[in-house]
Amino acid sequence: MPTLKDVAALAGVSTASVSLYLNGKADGRVSPLKQKAIDDAIAQLSYQPNAVSRQLRTLSPQNSVHTVAVYWAADTRSALLGKVMSGIQASILNNQNAQEFNIVICSFKSNELYHVKSLLEPEKYGHDAAIIANTSLIDMQYLNSITPTIPIVLLNRYLPQYHSVKINNHAMGAAIADLVAERGHKSVAVFRTLSPFPALNSRVNGFIDRCRQLKIELPNRSLFFTSDSTEGGIEAARDLIRVPQKPDVLFCDSDSIALGALYAFHEAGIRIPEDLSVVCISMNNSSIISCSIPALTASEVPLKKISQVCMDQIGEILRTGNKEPVHIELETEIVLRESFL
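Read on for an overview of the structure. Predicted, not measured: the structure shown is a model, and the values here were computed from it. (Residues numbered from 1 in each chain as written. Predicted model: local features only at pLDDT ≥ 70, side-chain atom pairs only at ≥ 80, totals over all residues. Heavy atoms only, no water.)

1. Quick word on the packing of helix α7 (residues 169–182) against helix α8 (residues 198–213)
Moving on, step 1. Contact pair α7 / α8: the axes reach a minimum separation of 6 Å and the direction vectors enclose 35 degrees. For the pair α7 and α8, the crossing hand works out as right-handed. Contact residues: Asn169, His170, Met172, Gly173, Ala174, Ile176, Ala177, Asp178 and Val180 in α7; Ala199, Ser202, Arg203, Asn205, Gly206, Phe207, Asp209, Arg210 and Cys211 in α8. (Axes fitted to C-alpha atoms, helices over the stretch in contact; angles between N-to-C directions. Helix = DSSP H or I, 4+ residues; strand = E, 2+ residues; numbered from the N terminus. Left-handed = near helix turned anticlockwise from the far one by under 90°. Contact = heavy atoms within 4.5 Å.)

Below is the structure:
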């Protein structure tokens, strides 16, 4: 049975050109002469493309299917991919321009985005645009060093030469410190993770920087590093319980840590919020923390909304051909619940 490579060899073109032709994306990318050579080779070899390629090939240019790659690091945040896909789906369903999209998940190891060949050769893989998410600092440095040939939108990251949709992570942390001051609290403890991810570190640093500006005490013995998990929250909370002078407020850089801390405090007889107010950043467990006892006060990262706007931006770029980077910043809010006085 002839293969795509056989067609390319007979037509004297690259396999990428054959793929573009079969997927209905050859116009403007593959010359008419080469398209005819590919068509002749297909006929001569009696090549049968797969069902998806046949479907795409029959679509008119006005209704061609765009393939959007979503680059996602395979790490402890994999559970968040569901929210990202929900946002992308909402964008596609709300699409006013009747564009058709295929979404392809491209997994990579954190800190190893440079291994992903499709970023440098997207045409070979049939990618028309990409959304890149949850990149580490090393991954961002790599992105800063290359010049992709397709539109790329960074999800909650920023580089001036790329399109981006993000929140102000530093301001998000600072807003929680402002709440602490408004409620008259004088001291805080922080549970944080050792993270290579700039957004998470920026939120924590925003909180700590603003606390210092407001003269809110953060003693050295009140800064705890732990894992981003309920087990990490339990361990850090038990360490805090042993500190003689308890703070007024505990800030956790994730909802998983905060949930574990609540369990340890309940186990030790520490009342929340009477003895200690608790506030956290929420990404994973927004629905769960509203049902915890007590329900957790949190500043929630609007990941679904960010993803939806990323996909909206992709659609606009592909429709208009705009190459000038567009940077969109979304608002965040603190949801007050019973864990905070």
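2. Things to note about the side chain of Ser229
Moving on, step 1. By secondary structure assignment, the location of Ser229 is in the loop between β7 (223–225) and α9 (230–241).
Moving on, step 2. For Ser229, the contacting residues outside a window of four places in its chain are Ser256 and Ile257.

3. Quick look at the side chain of Ser307
Moving on, step 1. Its location among the elements puts Ser307 in helix α12 (residues 303–320).
Moving on, step 2. Under the relative-accessibility criterion, Ser307 is labelled buried at 1%.
Moving on, step 3. Side-chain polar atoms of Ser307 contact the backbone oxygen of Leu303, separated by 2.8 Å.
Moving on, step 4. Aside from chain neighbours lying at most four places away, what touches Ser307 is Lys83, Val84, Gly87, Ile88 and Leu155. (Buried < 20%, exposed > 50% of the residue type's maximum accessible area, 1.4 Å probe, protein only. Polar contact = N/O pair within 3.5 Å; in protein donor to acceptor, adjacent residues only side chain to side chain.)

4. Quick word on the sheet that holds strand β3 (residues 129–132)
Moving on, step 1. In space, the 6 strands of this open sheet follow the order β2-β1-β3-β4-β5-β11, with parallel pairing throughout. Each having just a single partner strand, β2 (100–108) and β11 (327–330) make up the two edges of the open sheet. Between one strand axis and the next, the sheet turns by 20 degrees as a mean value, whatever way the strands run.
Moving on, step 2. Two strands pair when backbone bridges link them, and strand β5 (residues 163–167) and β11 are joined in this way by 4 bridges, in the parallel orientation. For Ser164, the partnering residue across the bridge sits in β11 and is His327.
Moving on, step 3. The sheet strands contacting helix α5 (residues 81–93) are β1 (65–73), β2, β3 and β4 (152–155), and the helix crosses β2 at an angle near 165 degrees. (Pairing = 2+ DSSP bridges.)

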